[in-house]
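Each chain, letter by letter, is given below.
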There are 2 protein chains.
Amino acid sequence: MTMYKAPLRDIRFVTEELLDYPSHYQQFDQGKEATPDIINAILEEGARFCEEVLAPLNRAGDEEGCRLEGHDVKTPEGFRNAYQQYIDNGWSAMSQPEEMGGQGLPESLGIMVNEMMAEANWAWNMYPGLSHGATATLTRHGTEQQKKTYLQPLISGQWTGTMCLTESHCGSDLGLLKTKAIPKEDGSYRLEGSKIFISSGEHDLSDNIIHIVLARLPDAPAGTKGISLFLVPKFLVDQQGQTGERNKVYCGSLEKKMGIHGNATCVLNFEEATGFLIGPANKGLSCMFTFMNFARLGTGLQGLAHSEIAWQNAWRYTRERKQGRLLSELDQPDAKTRLLTEHADVRRMLLTIKVFTEGNRALYYYICKQADLFLYASDEAVRQHAEQLMEFLTPICKAFMTETALESATLGIQCFGGHGYIREYGMEQNLRDARIATIYEGTTYIQSLDLLGRKVLLTQGELLRKFTKIIHKFCKQHENNESIKTYIDKLSALNKLWGDLSLAIGMKALEDREETGAAAYDYMMLSGYICLAWVWADMARVASEKLAENSADATFYTQKKEAAQFYYARILPRVEMHKHAIESGIASLSLSVD
Amino acid sequence: MTMYKAPLRDIRFVTEELLDYPSHYQQFDQGKEATPDIINAILEEGARFCEEVLAPLNRAGDEEGCRLEGHDVKTPEGFRNAYQQYIDNGWSAMSQPEEMGGQGLPESLGIMVNEMMAEANWAWNMYPGLSHGATATLTRHGTEQQKKTYLQPLISGQWTGTMCLTESHCGSDLGLLKTKAIPKEDGSYRLEGSKIFISSGEHDLSDNIIHIVLARLPDAPAGTKGISLFLVPKFLVDQQGQTGERNKVYCGSLEKKMGIHGNATCVLNFEEATGFLIGPANKGLSCMFTFMNFARLGTGLQGLAHSEIAWQNAWRYTRERKQGRLLSELDQPDAKTRLLTEHADVRRMLLTIKVFTEGNRALYYYICKQADLFLYASDEAVRQHAEQLMEFLTPICKAFMTETALESATLGIQCFGGHGYIREYGMEQNLRDARIATIYEGTTYIQSLDLLGRKVLLTQGELLRKFTKIIHKFCKQHENNESIKTYIDKLSALNKLWGDLSLAIGMKALEDREETGAAAYDYMMLSGYICLAWVWADMARVASEKLAENSADATFYTQKKEAAQFYYARILPRVEMHKHAIESGIASLSLSVD
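The model shown is predicted, which means the values in this text are computed figures rather than measured ones.

### So, the overall build of chain A
Within chain A, the regular secondary structure consists of 19 helices and eleven strands. Against the 2.2 N^0.38 benchmark of 25 Å for 594 residues, chain A shows a C-alpha radius of gyration of 24 Å, consistent with a compact globule. If one aligns the C-alpha atoms of chain A with their principal axes, the spans along those axes are about 85 × 60 × 55 Å. Residues counted as buried form 65% of the 594 residues belonging to chain A. Within the structure as shown, chain A displays about 21,200 Å² of accessible surface, and the carbon and sulfur contribution to it stands at 50%. Distance between charge centres in chain A, computed from 62 positive and 76 negative side chains, equals 3 Å.

Next comes the structure, spelled out in structure tokens:
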């Protein structure tokens, strides 16, 4: 019963009308080919693939799940065929350099297609999804020989990648990991240990799987400073790039989980598996951050995806289903039964999902613009500025977009009433699939500490100021714009509050560093709400301009203005609540243990 | 891996130390036998049954689910045996009058045992759970013959009951229902139609199932004023109370749902089934409210149950698992790995679950005291006052306790990290089982409209004032109590705010009745937070007294004080957010439909 429709109109609104991607793409070589015609063709074709191939497999994948047969994992019926189409159509290599067999299109354009894949079938999307991180890690830290051997098939999608960090006794705390890597005479390593929760760790979609693994050398120091990074292929590869012998890395079992059943979450046993060092010894964690930052942005995208699914399904359902009369007509015996959308509280729920979905989308494509600039800009200062903005926004993207996705997904169920709880309508699967997103690739608390501790306090507020300066400039620029004046006043005050609060936390943290931990979650949420206040003010601005121009799609723009109004009236007051929590500090978090 | 431990210490704290049940029970005949010794014995025995019999079936019930074979439903392995023990041990009849085969103990004592059953295995608990509502409905509205025939076996648990309202096209809007009841010559009726989402609608636990069904007589007016209530037994019963012929009400299919898999959610087809009118023709909805109010309080209990499960599991897990170092020791290479409870944000999550669990429990047993008074008090004024408090608090209990249960359950998962997403630990089942609670027995919006529209505005604030007067008296009484003075100041201000806001909404609603709908959800949540502020202030008061007396269990009381402090510092600021939302009114809820 769930039916996926790619949100092309909103993706175009955000990229073309709000963020002016057409001009953006003209700033660097890789963007030159991304003309409006090409973009259109790619989005339409991507939408077709997602709507017709991936989406129909989503529920079946959930019901069927993955099966372990011996050491082999069978993915759900149809997944393999869809993956073959994905490779054949060149989706995998779209944003990769032409010399690597890619199409040389901008990263951000690939992400637009990726958004649709994430929405259509997140469990499936995780198989190719992790390959991008593996590719980036090898591109940045691999030896020339490693790049020559592994990059091209990873880019084409012929092989896939994984990210092996967690062990049963260590998740967030990687310093505890125990997997060993013992040097062999030929320069390779013998890996011994067991990893858990490895997404796409074993499957039947690709010819080979390239595991990127954290492990310890025999003489490594304890803690995070003794971790190295290794490449462990499922099948060993010879000098000519031919796969040969099966390496001794095996799937021991599949986790039974709440959702994402179509993706194989594996226990991977390294039984004297052969591995190859990536980057310098004992610097594995910092190399892995290349992968992790990719994965974190990818998980933010997952948040956006589940919000979109909640939005489009709840919107469609509530516009069709009649239930109940208007409160103002209860005393009229002949009053009509009304559409669900005519009831105030249903609109409250719909608007909540809408402001998260479309607000997070706008913020996401703002980050993608920075990704393009970081990758392609010729000016080093531009690249560095973009990188800093990405560093600052990545934890917000990962944590805020997934936390709000949980709210969207649960409201999506509520909009359907009892039918939301039934499998048939897909809304319960959406929540089950979404629920992992605030946990993996670094929990919300880990992201919050990254944001407040590392990105804000450790830089003495420098990264924050880079971003608040952008908001400040926006406020200045539009302070006399009548259509958004009330928003600008609030946004401007919040932008200042953000800096003031950060300073206040910093001062308290000098006395007691646990104050950072006590403030982190609420600081992250507050930051996210301010980011969305910015993009919603800007979206309201564009929508007002379009309406003033008598553009087509008047309802679309009116809805944008309505959503902005709702956001400022009913969601933004949450900032105050998080401010109170932050100010109450560590003193309010006592809990005695007997 | 989930292990259930009945929260006897906290139930005793709330009932004995906070709400002084021992004195309460001495006020009426049915309470006289509920001496401390008897209560203790019952709670201990109930805890044993829940921990040893029901809890071990909880996960198995989820995995196995129910099966439809022909027209018969097979419940999960072990459910039938547990139900037999439940009857044999007399749990079903505990709070029923002795002349009906019950034990004549107070309603509230039965609920204490029921809380534990709800926590140990909610899906199982729904089978006997609905019988109580059927019993109450028949007691109040049934004919003498109906009572004689059906009550005793329902009370003993030999038979079970159901509540058949929803049809595929009507859930919240019962005025749309179509099931027909055609009079037969013998005074009975022929029921034709189909009901969906019927919990415990068909199963193999009891000898007979008594369906309480809403349907329309042939000449009935349209809408809710043309609905009548019928009793439709699965097996027809003769004058001697012997079950005979199979009635033509059949389970057509079982719903596949997100959770509560152990409970059979049925499509019930009435294929010229024989039914008997309960209460006056066309007054069925008002008779059904007897059942619905029971079911709503029961669903509030479900909310409490899922919070408790989140709490006790997250508390046990985080006290045992070591992960990460203290922020203040990050630069010390030899710093110890710490328990999860030592990390500030883990405590934030634990305390959030704790204040909802224990706060809701205190409020729940306050309501149960009113239930006792309503049922047993000899003074009519006392009975009426208790009834009015129950009327006012029932929608808050149903909506607020289930909404906060969703937050508890999702945080329960988060406290476990990746392990929370895995079936083994039971936390994901807890969220899946909890998710229905804000939907069935009247959605959160329906409850919110009941609270704000019917209970507050329609009574011109009378019911609200009855309750705020109690809070006001509490504040006056303890205004000089140093241990809770800061709480009293806040509570007193909020109590006033509650009245003021209600009046303001009432004034706006005079202009536009949709303002009630626009305010309802936020008003309900705000009301819940104020109720919990009251009980937390009171719990902090008791805890302070106990600590001053050097009572045993110092840690227990210290934790209570810590939780109260957390509640006022970090949860109560949500009131302000809901106030903003309420004040923004219907104007902020526009969403154009094209």
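### Some points on the pairing of strand β7 (residues 228-233) of chain A
Residue and element names in this part refer to chain A. Most of β7 is tucked away: six of the six residues are buried. Where burial is concerned, the two faces of β7 agree: the one with Ser228, Phe230 and Val232 and the one with Leu229, Leu231 and Pro233 are both buried. As paired strands, strand β6 (residues 208-215) and β7 are joined by six bridges and run antiparallel to one another. Within β7, the residue paired with Val213 across the bridge is Phe230. Note that β7 and strand β11 (residues 265-278) share three bridges and pair antiparallel. Paired with Leu229 across the two strands is Ile278, which belongs to β11.

### Regarding the nonpolar core
Within the largest apolar cluster, 354 residues are counted, with the highest numbers of intra-cluster contacts made by Trp498 of chain A together with Trp498 of chain B. Residues within four places of Trp498 of chain A in sequence aside, it is in contact with Phe392, Ile396, Leu464, Phe467, Thr468, Ile471, Tyr523, Leu526, Ser527, Ile530 and Cys531 of chain A.

### Examining the relation of the copies chain B and chain A
Superposing chain B onto chain A takes a rotation of 180 degrees combined with a translation of 0.0 Å along the rotation axis, leaving an RMSD of 0.0 Å. Put plainly, the chains are arranged around a two-fold axis. Relative to the rotation axis, the C-alpha of Met577 of chain B is the closest in chain B, positioned 3.4 Å from it.

### With respect to the pairing of strand β3 (residues 159-164) of chain A
For β3 of chain A, the buried fraction is high: six of the six residues fall into the buried class. Neither face of β3 of chain A is exposed, since Trp159, Gly161 and Met163 of chain A on one face and Thr160, Thr162 and Cys164 of chain A on the opposite face are all buried.

### Remarks on the packing of helix α1 (residues 8-18) of chain B against helix α17 (residues 514-548) of chain B
Residues and elements named next belong to chain B. Where α1 meets α17, the closest approach of the two axes is 11 Å, and the angle between their N-to-C directions is 85 degrees. Accordingly, the angle class assigned to the pair α1 and α17 is roughly perpendicular. Residues Phe13, Glu17 and Leu18 of α1 pack against Asp538, Met539, Val542 and Lys546 of α17. The residue makeup of the contact of α1 with α17, split by class, is four nonpolar, no polar and three charged.

### What to know about the interface of chain B and chain A
In this assembly, 91 residues from chain B lie in contact with 91 residues from chain A. A per-residue breakdown of the area chain B buries against chain A is headed by Tyr421, Arg570 and Leu591 of chain B, which together make up 11% of the total. Along the contact surface separating chain B from chain A lie six salt bridges. Between Arg319 of chain B and Asp594 of chain A there is a salt bridge, with its nearest N and O atoms 2.9 Å apart. For the pair chain B and chain A, the interface holds 55 residue pairs in polar contact (both at pLDDT 80 or more). Of the residues forming the side of chain B that touches chain A, the biggest block, eight residues, is contributed by helix α18 (residues 554-571) of chain B. Looking at the side of chain B that touches chain A residue by residue, the class counts come to 34 nonpolar, 31 polar and 26 charged.

### Things to note about the packing of aromatic side chains
Any pair of aromatic rings gets described here by the distance separating the centres and the angle formed by the planes. Considering all chains together, one arrives at 56 aromatic pairs over all chains under this definition. Where Tyr366 of chain A meets Trp534 of chain A, the ring centres are 4.9 Å apart and the plane angle is 90 degrees; that geometry is what we call edge-to-face. Of this pair, Tyr366 of chain A sits in helix α11 (residues 344-376) while Trp534 of chain A is found in helix α17 (residues 514-548), placing the two residues 168 residues apart along the sequence. Judged by its relative accessible area of 9%, Tyr366 of chain A falls in the buried class. Over the ring of Phe556 of chain B we find Arg9 of chain B; its NZ or CZ atom is 4.2 Å from the centre of that ring. The ring of Tyr521 of chain A has Arg348 of chain B sitting right over it, with the charged end atom 3.5 Å from the ring centre.

### Let's talk about the state of the cysteines
Per the stated rule, a full pass over the model turns up zero disulfides over all chains. The closest cysteine sulfur to the non-disulfide-bonded Cys287 of chain A is located on Cys164 of chain A, 16 Å from its own sulfur. Take Cys287 of chain A: its relative accessible area is 2%, and that puts it in the buried class. Free of any disulfide, Cys368 of chain B has its nearest cysteine sulfur in Cys397 of chain B, 8.1 Å distant.

### Thoughts on the pattern of salt bridges
Residue and element names in this part refer to chain B. Within this structure, the stated rule accounts for 89 salt bridges over all chains. Across the pair Arg348 and Asp345 runs a salt bridge, and its minimum N-O distance is 2.6 Å. Taken together, the residues Arg348 and Asp345, both in helix α11 (residues 344-376) and three residues apart, mark about one turn of the helix. On the basis of relative accessibility, which here comes to 9%, the residue Arg348 falls in the buried class.

### What to know about the side chain of Asn114 of chain B
Note that Asn114 of chain B resides in helix α7 (residues 107-120). Its relative accessible area of 18% is what places Asn114 of chain B among the buried residues.

### Description of the packing of helix α8 (residues 122-141) of chain A against helix α9 (residues 144-156) of chain A
Between two packed helices, the angle of one axis relative to the other and the distance separating the axes together describe the packing. All names here are of chain A. At a closest axis distance of 10 Å, the pairing of α8 and α9 adopts a crossing angle of 155 degrees. Here α9 runs roughly antiparallel to α8, going by the angle between their axes. Every pair of crossing elements has a handedness; the one defined by α8 and α9 is left-handed. Residues Ser131, Ala134, Thr135, Leu138 and Thr139 of α8 form the contact with α9, whose participating residues are Gln146, Lys147, Tyr150, Leu151, Leu154 and Ile155.

### Re a nonpolar patch on the surface
Together, Leu503, Met507 and Leu510 of chain A line one region of the surface with nonpolar side chains, adding up to about 370 Å² of accessible area. With respect to the helices, strands and loops of the structure, Met507 of chain A is situated in helix α16 (residues 485-511).

### Description of unusual backbone geometry
One non-glycine residue, Asp20 of chain A, lies in positive phi territory at about 50 degrees. The topology assignment puts Asp20 of chain A in the loop between α1 (8-18) and α2 (21-25). One non-glycine residue, Glu272 of chain B, lies in the positive phi region at around 60 degrees.

### Looking at the side chain of Ser544 of chain B
Residues and elements named next belong to chain B. On the secondary structure map, Ser544 appears in helix α17. With a relative accessible area of 12%, Ser544 lands in the buried category. In this structure Ser544 touches Ser483 and Lys561, once residues within four positions along its chain are discounted.

### A few points about the confidence of the model for chain A
Mean pLDDT over chain A works out to 96, with 100% of the residues at or above the 70 mark. Overall fold confidence (pTM) sits at 0.97, and the ipTM for the predicted complex is 0.97.

### Some remarks on helix α14 (residues 444-457) of chain A
In an α-helix there are 3.6 residues to a turn, and that puts residues three or four apart on one side. Residues and elements named next belong to chain A. The sharpest bend along α14 measures roughly 25 degrees and falls at Asp450. Here α14 lies mainly inside the structure; ten of its 14 residues are buried. Buried residues of α14: Thr444, Tyr445, Gln447, Ser448, Leu449, Asp450, Leu451, Leu452, Lys455 and Val456, and no others.

### Brief notes about helix α13 (residues 427-434) of chain A
Of all eight residues that make up α13 of chain A, eight are buried, and the element is covered over most of its length. Burial in α13 of chain A covers these residues: Met427, Glu428, Gln429, Asn430, Leu431, Arg432, Asp433 and Ala434 of chain A. On its buried face, α13 of chain A is in contact with α5 (58-64), α10 (284-320) and α12 (380-415) of chain A together with α13 (427-434) of chain B.

### So, the environment of Gly161 of chain A
All names here are of chain A. Topologically, Gly161 is positioned in strand β3. A relative accessible area of 0% places Gly161 in the buried class. Residues Gly161 and Gly275 lie 114 residues apart in sequence; the distance between their C-alpha atoms is 14 Å. With near-sequence residues (within four places) excluded, Gly161 lies in contact with Leu130, Ser131, Ala134, Leu154 and Ile210.

Reading the values: the criteria
- Residues numbered from 1 in each chain as written.
- Chains lettered and ligands numbered in written order.
- Predicted model: local features only at pLDDT ≥ 70, side-chain atom pairs only at ≥ 80, totals over all residues.
- Heavy atoms only, no water.
- Helix = DSSP H or I, 4+ residues; strand = E, 2+ residues; numbered from the N terminus.
- Rg over C-alpha atoms; globule rule 2.2 N^0.38 Å.
- Buried < 20%, exposed > 50% of the residue type's maximum accessible area, 1.4 Å probe, protein only.
- Areas by Shrake-Rupley, 256 points an atom, 1.4 Å probe, with all protein chains shown as cover.
- Lys, Arg positive; Asp, Glu negative; His and termini not counted.
- Charge placed at Lys NZ, Arg CZ, Asp CG, Glu CD.
- Pairing = 2+ DSSP bridges.
- Core = buried A, V, L, I, M, F, W, Y, C linked by side-chain atoms within 4.5 Å.
- Contact = heavy atoms within 4.5 Å.
- Least-squares fit on C-alpha atoms with pLDDT ≥ 70 in both.
- Axes fitted to C-alpha atoms, helices over the stretch in contact; angles between N-to-C directions.
- Parallel < 35°, antiparallel > 145°, perpendicular 65-115°, else oblique.
- Nonpolar A, V, L, I, M, F, W, Y, C, P; charged D, E, K, R; others polar.
- Buried area = accessible area lost by both parts, 1.4 Å probe.
- Salt bridge = Lys/Arg side-chain N within 4 Å of Asp/Glu carboxyl O.
- Polar contact = N/O pair within 3.5 Å; in protein donor to acceptor, adjacent residues only side chain to side chain.
- Phe/Tyr/Trp six-rings, centres within 6.5 Å; stacked < 30°, edge-to-face > 60°.
- Lys NZ or Arg CZ within 6 Å of the ring centre and 35° of its normal.
- Disulfide = S-S within 2.5 Å.
- Left-handed = near helix turned anticlockwise from the far one by under 90°.
- Patch = residues over 30% accessible without salt bridge, like charges linked within 9 Å, V, L, I, M, F, W, Y side chains within 5 Å.
- pLDDT = per-residue confidence, 0-100.
- Bend = angle between axes of the 7 residues up to and from the residue.

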